[in-house]
Amino acid sequence: MDSDQFTPRFPFADWPNPDVPVVTAGVYAIWKDNELIYCGMSGREIDNKAKAEPKKYGLVTRLNSHASGRLSGDQFCVYVANRFVIPSLKAEELPLFASGSLTLDARTKTFIRDHLDYAYALVETSAAAYELERAARRGDVFGVQPYLNPL
């Protein structure tokens with residue numbers, strides 16, 4: 001498996017991306033500068049879901065969730081908050097969290113939009129997505145394992 005099946009990188013700053021199909025299974029890689037930090041997939045049970053004709057399902061909804069910065073229900077955003085955002089906080093910002101005028105979700109969204117890019121590969125089945133994601137996390141696709149979720 002190689003990285004040629006992935007798109008060029010797109011900055012999260014430009015999300016949403018109209019080129020991402022609204023119903024599809026896929027695998028994605030997320031980069032911070034030239035460091036691979038995360039690989040994931042979306043589209044489990046795409047075969048069954050596509051028959052139900054959802055408005056949006058799979059890759060586009062997963063990338064949208066990541067771009068939102070919301071920690072609730074999104075493991076990628078939790079990793080970004082824990083490994084990048086929290087360590088960068090300044091002591092004078094802590095009272096803003098206490099007052100509610102600054103949230104970890106908002107700070108995580110800003111970090112993602114300002115610093116991260118993604119590339120994706122479309123696949124036909126959820127089994128193909130799972131296989132490609134595992135290969136990417138092992139380092140077999142990009143030559144390195146992702147920083148946040150290696151296998």
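As a reminder, the structure under discussion sits directly above these lines.
Once a new chain begins, its residue numbering starts again from 1 and follows that chain's sequence as written. Residues qualify for local features only when their pLDDT is at least 70, as the model is predicted, and side-chain atom pairs are given and counted only at 80 or more; totals for whole chains, interfaces and linings, by contrast, use all residues. Calculation of side-chain values draws on the structure's entire complement of heavy atoms; hydrogens and water are dropped beforehand.

(A) Quick peek at the packing of aromatic side chains. Pairing of aromatic side chains requires ring centres within 6.5 Å, counting the rings of Phe and Tyr and the six-membered ring of Trp. Pairs whose planes differ by under 30 degrees are stacked, by over 60 edge-to-face, and all others tilted. Evaluation of the coordinates by the stated rule reveals eleven aromatic pairs. Through successive ring pairs, a cluster of aromatic residues spans F10, F12, W15, Y118 and Y120.

(B) Structural view of helix 3 (residues 75-88). Secondary structure elements are defined from DSSP: runs of H or I of at least 4 residues count as helices, runs of E of at least 2 residues count as strands, and each element is numbered from the N terminus. Working rule for helices: expected span equals 1.5 Å times residues minus one. For helix 3, which comprises 14 residues, the first-to-last C-alpha distance of 19 Å matches the rise-based estimate of 20 Å (1.5 Å per residue) to within 8%. Approximately 40 degrees is the largest bend angle found in helix 3, and it occurs at A81. The buried label goes to any residue with under 20% of its type's maximum accessible area, the exposed label to any with over 50%, and the partly exposed label to all in between, with areas taken from a 1.4 Å probe on protein chains only. Along helix 3, the residues classified as buried are F76, C77, V80, A81, F84 and V85. Taking the backbone nitrogen of F76 as reference, a side-chain oxygen 3.1 Å away marks D74 as the first, capping residue of helix 3. At any given residue, the bend is defined as the angle formed between two axes, one fitted to the seven residues that end at that position and one fitted to the seven that begin there. Under the rule applied, a polar contact is a pair of N or O atoms within 3.5 Å (in protein, one hydrogen donor and one hydrogen acceptor; residues adjacent in sequence only if both atoms are side-chain atoms).

(C) Looking closely at the pairing of strand 3 (residues 35-42). Burial runs high along strand 3: seven of the eight residues are buried. Here, any two strands with at least 2 DSSP bridges between them count as paired. With seven bridges joining them, strand 2 (residues 23-32) and strand 3 adopt antiparallel strand pairing. Of the residues in strand 3, the one forming a bridge with A29 is C39. Connecting strand 2 to the next strand, strand 3, in antiparallel fashion are two residues, including D33 with a positive phi near 55 degrees.

(D) Structural detail: the nonpolar core. Here, the term nonpolar core denotes a set of buried Ala, Val, Leu, Ile, Met, Phe, Trp, Tyr and Cys residues that are joined through side-chain atoms within 4.5 Å. Judged by nonpolar contacts, the single largest core of 24 residues is most densely connected at F12, I30, I37, L63, F76, V80 and L116. Broken down by secondary-structure element, the contributors of at least two residues to this core are strand 2, strand 3, helix 2 (59-68), helix 3, helix 5 (104-115) and strand 5 (116-123). Take this core: its biggest share by element is six residues, from helix 3.

(E) Seen up close, the side chain of T24. Structurally, the position occupied by T24 is in strand 2. In what follows, residue pairs with any heavy atoms lying within 4.5 Å of each other are defined as contacts. Every residue in contact with T24, bar those within four places of it in the chain, is listed here: S42, I46, Y57, G58, L59, L122 and V123.

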